[in-house]
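One-letter residues, chain by chain:
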Amino acid sequence: RPNPAKDDIEINVQSATKQEANIEIFNALGVKVLSDRKNMIAGENTIHLDTKKLASGLYLLKIGDSQIKFIRSN
């Protein structure tokens, strides 16, 4: 949230174990535009990502095996 995003997004993720998660954002053409790793605890995690440098458009966010679509608007 929020969706559409402006300057950043906040994602709530449940994790079964303490782990380091791969986070990737792809644009509508399938090009990876952001890659990051975040440490997660077992249970609920809140991840903040800066989207200021992304152009307006539709994006796919992947955290491990999960996928979320969001829109970046100016």
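Residues numbered from 1 in each chain as written. Predicted model: local features only at pLDDT ≥ 70, side-chain atom pairs only at ≥ 80, totals over all residues. Heavy atoms only, no water.

Asks: Tell me about the overall build of the chain, residues and numbers included.
Replies: Counting its secondary structure elements, the chain contains zero helices and six strands. The order of α-helices and β-strands along the chain, N terminus first, is β-β-β-β-β-β. Relative to the compact-globule value of 11 Å for 74 residues, the chain shows a C-alpha radius of gyration of 12 Å, a close match. Projected onto the principal axes, the alpha-carbon positions of the chain cover approximately 35 × 20 × 15 Å. A buried classification covers 27% of the 74 residues belonging to the chain. For the chain, the share of sequence-separated contacts (at least 6 apart) that also reach a separation of at least 24 residues comes to 55%. With the model as given, the accessible surface of the chain reaches about 4,900 Å², and the carbon-plus-sulfur share is 50%. (Helix = DSSP H or I, 4+ residues; strand = E, 2+ residues; numbered from the N terminus. Rg over C-alpha atoms; globule rule 2.2 N^0.38 Å. Buried < 20%, exposed > 50% of the residue type's maximum accessible area, 1.4 Å probe, protein only. Contact = heavy atoms within 4.5 Å. Areas by Shrake-Rupley, 256 points an atom, 1.4 Å probe, with all protein chains shown as cover.)

Asks: Give a description of a nonpolar patch on the surface that names residues and reports values.
Replies: Together, Leu 29, Val 31 and Val 33 make up an exposed nonpolar region whose accessible area comes to about 300 Å². Among the secondary structure elements, Val 31 is positioned in the loop between strand 2 (19-27) and strand 3 (32-40). (Patch = residues over 30% accessible without salt bridge, like charges linked within 9 Å, V, L, I, M, F, W, Y side chains within 5 Å. Salt bridge = Lys/Arg side-chain N within 4 Å of Asp/Glu carboxyl O.)

Asks: Requested: an account of the pairing of strand 3, with residues and values cited.
Replies: By the bridge criterion, eight bridges tie strand 2 to strand 3 in an arrangement that is antiparallel. Bridging across to strand 3, Ile 23 finds its partner in Asp 36. Where strand 2 folds back onto strand 3 in an antiparallel hairpin, the turn is made up of four residues, including Gly 30, whose phi is positive at roughly 85 degrees. (Pairing = 2+ DSSP bridges.)

Asks: Tell me about the environment of Lys 18, and please be specific about residues and values.
Replies: Along the polypeptide, Lys 18 turns up in the loop between strand 1 (8-15) and strand 2. The exposed category is assigned to Lys 18, whose relative accessible area is 72%.

Asks: Quick rundown of the pattern of salt bridges? Include the residues and the values.
Replies: All chains considered together, the criterion is met by three salt bridges. Note that Glu 24 is salt-bridged to Lys 32, the shortest N-O span being 2.9 Å. Here Lys 32 falls in the partly exposed class, since its relative accessible area comes to 43%. Residue Asp 36 is joined to Lys 38 by a salt bridge in which the shortest nitrogen-to-oxygen separation is 3.6 Å.

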